[in-house]
Amino acid sequence: EFPLSGKVTWRAPSNIALVKYWGKKPVQIPANPSISFTLDTCATTTSVTFTKKEGDADFSFDLLFEGKPKEEFKPKILTFFERIVSYLPFLKAYHFDIDTSNSFPHSSGIASSASGMAALSLCLMDIEKQLDPTMDRTTFNRKASYLARLGSGSACRSIHGSLVEWGIHENIPQSSDLYGTEYPFAIDSVFKTYQDTILLVHKGEKQVSSTVGHQLMKGHPYAENRFQQAVQNLDSLKPILASGDLEGFIQLVESEALTLHAMMMTSMPYFILMKPDTLEIINKIWKYRQESKVPVCFTLDAGANVHMLYPENVKENVQRFIDDELAMHCENGQYIHDRVGKGAVKI
Ligand code: PMV
């Protein structure tokens, strides 16, 4: 029997893809496998208070975002609940008070859907675990990732640390289209403390959502080649990660980022999410790397912000580079230092 009421809290991190997920099949099945670093600082903390209610015909929930009621987010949660109710039948038997906040500044242009959907899924799984206390950790994590995927594809990579793969790949054991799994192969220690500084180029709403972007991969003239390339890049990444080959890493990661945006530019309708400052930063990173030999590279999400990836031991050099040359391209000079993290935690 379920308890009559209770409260659970989880903190889930954001993630940054090295090999990008772009294109999907129903329902939230990736067109190609992807892999991401789990982040640490950028995270969502969500509390869910549940109270047994009268009747079980409808969903009932209230939402606080950063401490304030947020009506705009409710349709997204409702859609999510509708998608997952067959896996969590208790959803209609309770009223939920969802209290969620992000560690990163509000409307910073950092997508919170990955960390947000992961944190909410973990809270709901935690409630389910009270019905089935014998549930083992693997089952718990897999199902949390499965649910998170139904909320936002890349969210399924925000449960575990530190390198997570999602999407069936014949050379990656345990890989699944349905949930993310920890990368099963050896990783050189340099990648275990890798840094990600997010340069906030443009904080406004982007013109084209990733939902629309994924759809535009249907019938895209380069889609099949792109999906094959992602599969190959996952293979190429294996020796790079195992040996700490930074040159190979830089080349693969930057190519993935530019290919993602090339897909946007060559879809119909076409669109561009990079801004002039995105390109300024990319060019400065290339020049700096060539002149200083500091192994810093960039990657991009579906937006204008630049993620700068680099080993921990060059942190000070990179800070000087940011202060001297990059902060001027960020909105209000803003950037966020993050690093590879260990996955979601119960609070
Ligand atoms: O999870 P979604 O549907 O918002 O898609 C995100 C896709 C990218 O961030 C562009 C790439 C990725 O793999 O995270």
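Residues numbered from 1 in each chain as written. Predicted model: local features only at pLDDT ≥ 70, side-chain atom pairs only at ≥ 80, totals over all residues.

An unreviewed UniProt entry lists the protein under the name Diphosphomevalonate decarboxylase, from Flagellimonas hadalis.

(A) Examining the overall build of the protein more closely. Helix and strand counts for the protein stand at eight helices and 14 strands. For a compact globule of 347 residues, the expected C-alpha radius of gyration is about 20 Å, and the protein comes in at 20 Å, within 12% of that figure. Across its three principal directions, the C-alpha atoms of the protein cover 65 × 45 × 40 Å. Per-residue burial for the protein yields a buried fraction of 45% across its 347 residues. For the protein, restricting intrachain contacts to residue pairs at least 6 apart in sequence, the fraction spanning at least 24 positions comes to 74%. (Helix = DSSP H or I, 4+ residues; strand = E, 2+ residues; numbered from the N terminus. Rg over C-alpha atoms; globule rule 2.2 N^0.38 Å. Buried ≥ 20, exposed ≤ 12 C-beta atoms within 10 Å, placed from the backbone. Contact = placed C-beta atoms within 7 Å.)

(B) Structural view of the site of the ligand. Surveying the vicinity of the ligand reveals 14 residues, the closest of which are A17, Y21, G153, S154 and S210. Of the residues that constitute the shell around the ligand, the class distribution is five nonpolar, seven polar and two charged. Taken domain by domain, the shell around the ligand gets at least three of its residues from each of domain 1 (5-187) and domain 2 (194-339). (Near = placed C-beta within 6 Å. Nonpolar A, V, L, I, M, F, W, Y, C, P; charged D, E, K, R; others polar. Domains from an automatic or database assignment.)

(C) Up close: the environment of F81. Within the secondary structure, F81 is located in helix α1 (residues 74-84). Judged by the 20 C-beta atoms lying within 10 Å of it, F81 falls in the buried class. In the structure, F81 is positioned eleven residues away from K92 in sequence and 9.2 Å away in space, judged by C-alpha atoms. Setting aside residues no more than four positions away along its own chain, F81 makes contact with F59 and L91.

(D) Just the sheet that holds strand β12 (residues 306-310), in detail. As summarised here, the arrangement of the four strands in space is β11-β12-β10-β13, forming an open sheet in which the pairing is antiparallel. Edge positions in the sheet fall to β11 (297-300) and β13 (335-339), since each has one partner strand and no second. Shown here is a sheet whose adjacent strand axes are inclined to one another by a mean of 25°, direction ignored. Relative to β13, strand β10 (residues 195-199) is paired through five bridges, and the arrangement is antiparallel. Each bridged residue has a counterpart across the sheet, and for L199 the counterpart in β13 is Y335. Strand contacts of helix α6 (residues 246-265): β11 and β12, with the helix running at about 30° to β11, the strand carrying the most contacts. Running at roughly 15° to β12, helix α7 (residues 276-292) makes contact with β10, β11 and β12 of the sheet. (Pairing = 2+ DSSP bridges. Axes fitted to C-alpha atoms, helices over the stretch in contact; angles between N-to-C directions.)

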